[in-house]
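# Coordinate analysis (summary)
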Amino acid sequence: MRKLFPLFFICLFVIRVEAQKPADSTVSFWSAVTPTKRQPADPGNIKELVGWCQLHMKQAVISCPEHIINVEKTNPAQWFYPVFSNQYISTPACIEKQLRSINTTSVNVYEGSNLAALILKAAYYVQQTKYGTAREYSERAVRLADSLQIFQGWSKLILSRALFGQETNFSRAYSLLNQSLALARKENDPALEAHALSVLGMINRRVYFGASLKAIPYHQAALKIGFAQKDTILIAQELLALSLNYDDAGRIDKHVDYLLQLIPLANNKSLPRIKARLFLMTSRLLPTSLAEFHEPFVRESIRLSQLAGELFYVEYGYQELFEILMAKNQTQEATQVLEKIDSLGQFLTPHRSYATSTNLLWYQLAKRNGNVTNALTSLEKEYQTVSQRYQTQNAAALSQWEAIFHNQEQNLLLKQQEEQQHFLVIVIVLVTLLLLTAAVALYFQGQSQRATRHQMALTAEQADQLRQLDTLKSQFFANVSHELRTPLTLILGPLGSLLKQTPPVTHQAELLRTADQNARRLLELVNEIMDLTKLDAGKLDVVYDAVRVNQLMSQIVANFESLAQQSAVHLKRQFDTKPNLQIALDVNKFQKIIDNLLINAFRFTPSNGQITVKTSETADWILVEVQDTGRGIHPGDLPHVFDRYFQTQQPGAPSEGGTGIGLALAAEFTRLLGGKIWVESQWQQGACFYVEIPKRIVTPLVAQLDRDRADTDSEALQGNYLVEKQIETSRESVLLVEDDQSLRQYLTTILQPAYTVLTVQNGREALDLLASQLQLPALIISDLMMPVMDGFQLLTALKSADTYRHIPVLMLTARTDKSDKLQALRIGVDDYIVKPFDEDELMARVTNLVTQLSLRLQSTTDNVPEPIALPVITSSNDINWLERLERYVEQELGNFDLTADLLADLLSVSRSTLFREVKRLTGLTPAQYIMESRLQQARFLLENRKVSTVKEVAQRVGLRQVKHFSLTFKNRFGKLPSEYLKTD
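The structure displayed is predicted, hence computed values, not measured ones.

Calculation criteria
- Residues numbered from 1 in each chain as written.
- Predicted model: local features only at pLDDT ≥ 70, side-chain atom pairs only at ≥ 80, totals over all residues.
- Heavy atoms only, no water.
- Helix = DSSP H or I, 4+ residues; strand = E, 2+ residues; numbered from the N terminus.
- Buried < 20%, exposed > 50% of the residue type's maximum accessible area, 1.4 Å probe, protein only.
- Areas by Shrake-Rupley, 256 points an atom, 1.4 Å probe, with all protein chains shown as cover.
- Expected span 1.5 Å × (residues − 1).
- Pairing = 2+ DSSP bridges.
- Axes fitted to C-alpha atoms, helices over the stretch in contact; angles between N-to-C directions.
- Contact = heavy atoms within 4.5 Å.
- Parallel < 35°, antiparallel > 145°, perpendicular 65-115°, else oblique.
- Left-handed = near helix turned anticlockwise from the far one by under 90°.
- Nonpolar A, V, L, I, M, F, W, Y, C, P; charged D, E, K, R; others polar.
- Core = buried A, V, L, I, M, F, W, Y, C linked by side-chain atoms within 4.5 Å.
- Domains from an automatic or database assignment.
- UniProt positions renumbered as here; feature names shortened; annotations may be inferred.
- Phe/Tyr/Trp six-rings, centres within 6.5 Å; stacked < 30°, edge-to-face > 60°.
- Patch = residues over 30% accessible without salt bridge, like charges linked within 9 Å, V, L, I, M, F, W, Y side chains within 5 Å.
- Salt bridge = Lys/Arg side-chain N within 4 Å of Asp/Glu carboxyl O.
- pLDDT = per-residue confidence, 0-100.

Turning our attention to the overall build of the protein. When you go through the protein residue by residue, the secondary structure sums to 39 helices and twelve strands. Sorting the 984 residues of the protein into buried and exposed places 49% on the buried side. Surface summary for the protein: the accessible area is close to 48600 Å², and the carbon and sulfur share equals 53%.

In structure tokens, the structure reads:
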């Protein structure tokens with residue numbers, strides 16, 4: 001009874017297996033989970049395969065490679081892969097001969113050749129299906145490769161291939177392949193990368209049963225590398241792998257397509273392994289009308305596999321031949337074939353983790369011969385074999401699943417293994433369905449992600465294009481702003497002269513004042529565009545001052561009271577902040593914010609309307625509201641009111657002008673101050689703009705703005721005589737270099753009463769004129785941007801010539817970048833003035849430069865009998881030293897105690913060396929150089945409106961005495977510091 005029970009179970013198992021396929025078919029564990037739904041191929045393609053097989057029956061001849069590789073004189077990296085590839089097209093005898101040759105010659109060669117020989121031997125035994133021997137060689141190769149740090153990727157690749165063949169440790173094989181793939185990409189070895197991808201595909205096909213097509217991407221990637229490297233053997237290998245994967249998935253159409261792609265390669269290259277697969281695969285595709293070719297094609301496949309030494313495929317071919325013979329009822333020949341299968345199985349068993357079972361084949365043969373006893377014996381053996389195979393094969397598969405799935409899923413599968421061993425097929429089918437479902441879900445998820453990424457990339461590209469357009473627009477307006485400074489100079493200069501000459505109460509004076517006001521409004525607009533450009537470039541700094549909120553707001557609103565009276569608009573103020581609340585604020589930027597909001601409110605508020613300015617405070621914020629009773633903002637325009645250059649596009653909206661800059665600048669400045677700005681509006685009911693800025697409270701000890709400005713102005717006025725004083729000399733000449741004809745004529749008009757003016761259009765003409773003059777000019781006034789030779793090039797030429805370097809140069813430019821000014825100062829410019837300029841300021845600068853030159857020449861003539869020592873920069877070392885000097889001085893400008901001694905310490909030179917070098921390179925003493933740097937930085941801060949009081953700018957450039965600073969500044973530039981502040 002104990003024997004009958006397992007026999008009864010085996011009978012039920014066999015009945016179930018035979019119900020799934022024809023009675024004489026061999027059903028393996030893995031084929032049970034292969035999909036049964038198949039997509040047929042084109043019959044014409046199958047006939048093409050059959051025709052090729054008929055034409056190439058018994059034609060394959062394999063010859064040993066003719067070339068001999070001299071490993072004693074060749075780096076193994078050069079001959080390794082060719083020998084490795086030859087193994088795919090050579091007979092075992094040829095391969096063994098080549099390996100013996102390498103072994104013999106590598107005795108006296110360095111370890112790299114021995115390592116290459118080990119890897120090649122392991123690869124050879126893998127092809128021979130001797131996985132145990134291959135594993136021994138590859139384990140040794142891995143250890144030696146890690147020691148020598150060469151061929152690490154190839155040794156791990158072959159070891160993973162041996163482990164995969166044994167089906168003992170999929171997780172380790174998977175890990176080794178990933179390491180090999182990483183090394184291939186790191187070392188840029190495409191051959192290694194392709195073979196690693198190929199074996200990864202083989203493992204995925206084995207674990208996922210092929211039906212999920214998980215292996216396809218790996219083989220496609222390897223095939224792409226094969227085409228790129230023009231590696232025929234690799235291409236053939238990957239085409240075959242893709243064909244087999246699609247066969248597993250039931251895609252016979254694609255399976256046949258890839259087989260057809262193999263035909264040209266098999267024709268052009270001696271590829272016995274590929275031909276063997278072509279014959280075997282074609283035999284399985286034969287229709288009933290061509291059944292007579294089934295057996296010849298299988299026998300040809302066996303012959304080619306034997307020729308190539310692939311015992312596994314010989315065994316597989318014999319199994320296919322056994323089924324053909326059984327179908328023909330040729331039991332005697334089937335018995336001989338089965339004995340050969342057993343013989344091969346005994347030979348290959350030591351290299352596998354399990355023995356190949358032929359018990360079911362013997363069972364079929366005994367059943368066909370009517371031998372019941374032998375049939376039952378075979379069934380009992382098959383039961384034992386199936387049980388043992390389950391333990392080995394399923395353990396190997398679960399090893400790979402452990403590397404792919406989470407621990408929870410693995411534990412679930414192991415639990416099912418322990419509890420449901422008798423229902424193994426059902427469990428595997430369920431797991432397969434789960435994998436297929438996950439694969440489908442992942443596929444659609446991947447499609448969705450790709451579509452999302454594509455849409456995001458498209459959106460990002462469009463956003464980038466919009467940013468580029470916005471940048472181009474801003475750059476265009478910035479360039480236009482630069483160009484507007486020259487005509488503004490020609491407008492404001494003559495207007496200033498006429499206003500001084502015209503009685504203030506006349507009608508002409510009123511017209512001139514109107515023109516002057518609008519020209520200055522245009523200048524403010526130009527400055528706003530420049531501010532936007534600086535914001536984009538990140539060059540606009542925030543300068544905080546202590547200010548009383550109510551006092552500042554009163555001043556800002558008071559500036560608009562005359563406009564309110566002219567417009568018949570009631571301007572109301574309501575300040576709910578504390579009367580003496582004092583905060584840290586960038587006054588200039590805050591004033592521009594409120595000014596732009598009020599200008600916008602006046603533009604859209606009709607007569608008899610009302611504009612209300614409110615301030616309030618919370619614990620951390622100051623809130624300013626500007627509310628008007630105009631028509632409001634259309635709902636479609638609300639999201640865009642703070643966009644640059646925005647103009648309403650609503651149908652029927654009146655054309656009211658405007659540049660679209662004011663509100664955009666207000667928003668940018670608000671964000672720069674760390675605040676927020678927004679607007680609320682009801683159409684036809686007015687609008688209210690809100691500005692919220694951080695409440696940075698400061699102590700009341702900070703000096704008041706008005707007192708600073710008033711004190712310094714009254715003190716500085718006492719020093720006017722320094723600029724007015726002139727040395728009576730003969731009439732000097734001034735060379736004017738300017739390409740703009742109108743500006744050239746205007747400057748000539750200003751200068752002619754005091755000087756003889758020589759004019760040219762560019763730097764080249766200036767040098768030519770100087771060469772022809774007997775008496776050199778006392779001053780050169782030059783524009784920066786000119787054709788042929790610009791101001792920088794002219795300045796360099798002048799300061800490099802002994803004849804001209806003593807002539808002072810005044811640079812006249814519309815460019816306000818600090819880098820341009822520093823470059824001019826480094827080359828040797830004596831002074832610069834920014835367009836548009838004041839006529840009096842220009843004359844004061846010119847007079848100072850001419851006077852200083854006269855004094856310097858007189859001092860030199862009286863005291864020093866040698867020629868004048870003027871700055872000469874002749875080498876890159878001089879330039880680098882001067883740049884270091886500028887950098888240290890700029891860093892220490894705010895230091896009240898900056899002296900020549902401190903500067904010498906910073907530069908690591910002696911005081912005498914510092915004096916000598918500074919004098920040689922700049923023509924100034926260290927003290928004069930430090931003072932000149934302080935004054936130039938002060939003018940930069942004033943011109944760019946980075947300060948609010950004279951005291952503040954004096955302290956920022958390291959000068960304690962405000963009165964002394966104002967006098968010195970007026971003497972140097974002909975204009976009080978407070979006059980720059982009044983301009984705003």
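Under the 1.5 Å per step criterion, the end-to-end length of helix α8 (residues 170-187) is 26 Å for 18 residues, consistent within 8% with the ideal 26 Å. Buried within α8 are the following residues: F170, A173, Y174, L176, L177, S180, L181, L183 and A184. Downstream of α8 by a residue or two, N188 has a phi angle that is positive, lying close to 55 degrees.

For sheets, the rule is that strands pair by backbone hydrogen bonds, running either parallel or antiparallel. Overall, mixed pairing links the five strands, which are arranged β2-β4-β5-β7-β6 in an open sheet. Taken across any chain shown, the strands that pair with only one partner, and hence form the sheet edges, are β2 (570-575) and β6 (676-681). Pairwise comparison of adjacent strand axes, ignoring direction, gives a mean angle of 15 degrees for this sheet. Pairing geometry for strand β5 (residues 621-628) and strand β7 (residues 687-694), over eight bridges, is antiparallel. Among the inter-strand pairings, W621 is bridged to a residue of β7, identified as P694. Relative to the sheet, helix α22 (residues 549-558) contacts β2, β4 (610-617) and β5, its axis offset from that of β2 by approximately 175 degrees. Against the sheet, helix α24 (residues 587-604) makes contact with β2, β4, β5, β6 and β7, and its axis sits at roughly 20 degrees relative to β5, the strand it touches most.

The next subject is the packing of helix α5 (residues 111-127) against helix α7 (residues 152-166). Contact geometry for α5 and α7: axes closest at 10 Å, N-to-C directions at 25 degrees. The angle between α5 and α7 falls in the class roughly parallel. Our pair here, α5 against α7, has a crossing hand that is left-handed. Residues I119, A122, A123 and V126 of α5 pack against W154, S155, I158, R161 and A162 of α7. Tallied by class, residues from the contact of α5 with α7 come to seven nonpolar, one polar and one charged.

Both faces of the sheet carry side chains from a regular strand, because those side chains alternate between them. Across the eight residues of β7, eight count as buried, placing the element largely inside the fold. Burial along β7 is two-sided: A687, F689, V691 and I693 and C688, Y690, E692 and P694, pointing in opposite directions, are all buried. Pairing geometry for β6 and β7, over six bridges, is antiparallel. Pairing of I677 across the sheet is with V691, part of β7. Hairpin connection between β6 and β7: a loop of five residues separates the two successive antiparallel strands, and Q684 in this loop has a positive phi of roughly 70 degrees.

Turning our attention to the nonpolar core. Core analysis: the biggest nonpolar cluster contains 53 residues, and I119, L120 and W154 have the highest contact counts within it. Of all the secondary-structure elements, those providing two or more residues to this core are α3 (76-86), α4 (92-105), α5, α6 (131-148), α7, α8, α9 (190-207) and α10 (216-229). By residue number, the principal contributor to this core is α5, which donates eleven residues. In this structure, this core is formed jointly by two domains, domain 1 (66-178) and domain 2 (189-269), each of which donates at least three residues. Beyond its immediate sequence surroundings of up to four residues, L120 is in contact with W79, F80, V83, F84, Q87, L99 and I102. Counting 40 residues, the second-largest nonpolar core is a separate cluster that includes V557, V569, F590 and F669.

Here, UniProt's "modified residue: 4-aspartylphosphate" (unreviewed entry) annotation points to D783. Relative to the elements of secondary structure, D783 occurs in strand β10 (residues 779-783). Discounting chain neighbours no more than four positions away, the residues touching D783 are V737, E738, D739, G791, M811, L812, T813 and K835.

What follows covers the packing of aromatic side chains. A full pass over the atoms with the stated rule returns 18 aromatic pairs. Between F279 and F297, the aromatic rings sit 5.8 Å apart at their centres with planes inclined by 70 degrees, giving edge-to-face as the arrangement. Highlighted residues: F279 in helix α13 (residues 272-285) and F297 in helix α14 (residues 294-308), separated in sequence by 18 residues. Residue classification places F297 among the buried positions, given a relative accessible area of 1%. Feature note: the residues F80, Y81, F84, F151 and W154 constitute an aromatic cluster, connected by ring pairs.

Read across the open sheet, the five strands follow the order β9-β8-β10-β11-β12; overall the sheet is parallel. At either margin of the open sheet sits one strand with a lone partner, and together these are β9 (756-760) and β12 (831-834). Each strand axis lies, on average, 20 degrees off the axis of its neighbour in the sheet, ignoring direction. Sheet analysis places strand β8 (residues 733-737) next to β10, joined by four bridges and oriented parallel. Bridge assignment links V734 to a residue of β10, and that residue is L779. Across the sheet, helix α30 (residues 791-800) lies against β8, β10 and β11 (809-813), angled at about 175 degrees from β11, the strand it touches most.

Taken together, the side chains of I426, V429, L430 and L433 present a nonpolar region at the surface, about 330 Å² in accessible area. Along the chain, L430 turns up in helix α20 (residues 424-501).

All right, on to helix α15 (residues 311-327) then. When the terminal C-alpha atoms of α15 are compared, their 24 Å separation across 17 residues agrees well with the 24 Å that a helix rising 1.5 Å per residue should span. The set of residues buried in α15 consists of L311, V314, E315, G317, Y318, E320, L321, F322, I324, L325 and M326. Where α15 ends, the next residue or the one after it, N329, has phi of about 65 degrees, a positive value.

A word on the pattern of salt bridges. When the charged atoms of two side chains lie near each other, side chains of opposite charge can form a pair. As enumerated under the stated definition, the model contains 21 salt bridges in all. Among the salt bridges present, the one from R573 reaches E561, with a minimum N-O distance of 2.7 Å. Taken together, the positions of R573 in strand β2 and E561 in helix α23 (residues 561-567) put the pair twelve residues apart, joining distant regions of the chain. Judged by relative accessible area, R573 falls into the partly exposed class, the value being 33%.

Because side chains alternate across β12, one face comprises the buried residues D831 and I833, and the other comprises Y832 and V834, equally buried. With four bridges connecting them, β11 and β12 associate as parallel partners. Within β12, the residue paired with T813 across the bridge is V834.

Packing of α8 against α9 leaves a shortest axis separation of 9 Å and a crossing angle of 155 degrees. With respect to their mutual orientation, α8 and α9 come out roughly antiparallel. Of the two possible hands of crossing, α8 and α9 adopt the one that is left-handed. Note on element contacts: α9 touches α8 through L192, E193, A196, L197, V199, L200, I203, N204, R206 and V207, opposite F170, A173, Y174, L177, N178, S180, L181, A184 and R185. For the contact of α8 with α9, a count of residues per class yields 13 nonpolar, three polar and three charged.

The residue Q149 is not glycine, and still its phi comes out positive at about 65 degrees. Judged by its relative accessible area of 54%, Q149 falls in the exposed class.

Moving on, we come to the environment of V834. Within the secondary structure layout, V834 lies in strand β12. Judged by relative accessible area, which is 12%, V834 ranks as buried. Linking V834 and L812, residues 22 residues apart in sequence, is a C-alpha distance of 6.1 Å.

Glancing now at the confidence of the model for the protein. On average, residues of the protein score 76 in pLDDT, and 76% of them are at 70 or above. Here helix α27 (residues 720-724) stands out as the element of the protein with the lowest mean pLDDT, 36, in contrast to β7, whose mean of 93 is the highest. In this model residues 403-411 is a low-confidence stretch, pLDDT under 50, and it forms five contacts with partners more than four residues away in sequence or in other chains. Under a pLDDT of 50 for its full length, residues 861-874 has, in the predicted model, 22 contacts with residues more than four places off or in other chains.

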